[in-house]
Amino acid sequence: RDVVGGRAGLQGNYDPRELIAENGKTAETVKETAKELLEALGPQRLIANLGEGLGGKESTELVNAFVEAIHEESEKMISDAERS
């Protein structure tokens, strides 16, 4: 984001290992790491996706937590920025 600013959209590269429950991941850790992705790349002009796609070991609960976290956190960040 530092290089292109708001001139271009970015495609996020979320680590799919964050979605594997056997790795000790939880909905809370997914929410935290999704928020970190948004903080690094910004909540607008971003396609938040997985770096390698789904490999079959990911928890559907954690995949859902990722989608929900991206939506919730980006809406909050955008709203907060508009109030500033």
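Structure shown above.
Owing to the predicted nature of the structure, the values given are computational and were not obtained by experimental measurement. (Residues numbered from 1 in each chain as written. Predicted model: local features only at pLDDT ≥ 70, side-chain atom pairs only at ≥ 80, totals over all residues. Heavy atoms only, no water.)

**Looking at the packing of helix α1 (residues 27-41) against helix α2 (residues 60-83)**
Going by this rule: Lines fitted to C-alpha atoms define the axes, with helix axes restricted to the stretch in contact, and inter-axis angles between N-to-C directions lie between 0 and 180 degrees. A run of H or I in DSSP becomes a helix once it reaches four residues, and a run of E becomes a strand once it reaches two; helices and strands are each numbered from the N terminus. For this classification, under 35 degrees means roughly parallel, over 145 means roughly antiparallel, 65 to 115 means roughly perpendicular, and everything else is oblique. Helix crossings get a hand from a simple test, with the near helix turned counterclockwise from the far one by less than a right angle marking a left-handed crossing and a clockwise turn marking a right-handed one. Should any heavy atoms of two residues lie within 4.5 Å, those residues are counted as being in contact. Ten residue types, Ala, Val, Leu, Ile, Met, Phe, Trp, Tyr, Cys and Pro, are classed as nonpolar, four, Asp, Glu, Lys and Arg, as charged, and the remainder, Gly among them, as polar.
Between α1 and α2, the shortest axis-to-axis distance is 8 Å and the interhelical angle comes to 45°. Relative to α2, the element α1 lies oblique. Here α1 and α2 pass one another in a crossing that is right-handed. Residues A27, V30, K31, A34, K35, L37, L38 and E39 of α1 form the contact with α2, whose own contacting residues are L62, A65, F66, A69, I70, E73, S74 and M77. By residue class, the composition of the contact of α1 with α2 is 11 nonpolar, one polar and four charged.

**Side note on the pattern of salt bridges**
For clarity, the cut-off: Salt bridge criterion: a side-chain nitrogen from Lys or Arg within 4 Å of a carboxyl oxygen from Asp or Glu. Partly exposed describes any residue whose relative accessible area lies between the buried limit of under 20% and the exposed limit of over 50%, with all areas from a 1.4 Å probe on protein chains only and scaled to the type maximum.
The full count for this structure, using the stated rule, is four salt bridges. Among the ionic pairs, E18 bridges to K25, the shortest N-O distance being 3.5 Å. We classify E18 as buried; its relative accessible area is 16%.

**Side note on the nonpolar core**
Most often, soluble globular proteins keep nonpolar side chains buried together rather than apart. Convention followed: Among buried residues, the Ala, Val, Leu, Ile, Met, Phe, Trp, Tyr and Cys ones that are joined through side-chain atoms within 4.5 Å form a nonpolar core.
Core analysis: the biggest nonpolar cluster contains 15 residues, and Y14, L19, V30, F66 and I70 have the highest contact counts within it. Looking at this core, the elements with two or more residues in it are β1 (10-14), α1, β2 (46-50) and α2. Dropping the residues within four chain positions of it, F66 is found in contact with Y14, L19, V30, A34, A48 and L50.

**Some remarks on α2**
Filter applied, for reference: What a helix is expected to span follows from its residue count: subtract one and scale by 1.5 Å.
With 24 residues, α2 ought to run about 34 Å at 1.5 Å a step, and its terminal C-alpha atoms sit 35 Å apart, in line with that. Buried positions along α2 lie against β1, α1 and β2.

**Brief notes about unusual backbone geometry**
Non-glycine residue R45 carries a positive phi angle of around 60°. Residue position: R45 is located in the loop between α1 and β2. Since its relative accessible area comes to 48%, R45 is described here as partly exposed.

**Comments concerning the side chain of T33**
Relative to the helices and strands, T33 resides in helix α1. Using a relative accessible area of 18% as the deciding quantity, one classes T33 as buried. Setting aside residues no more than four positions away along its own chain, T33 makes contact with Y14 and E18.

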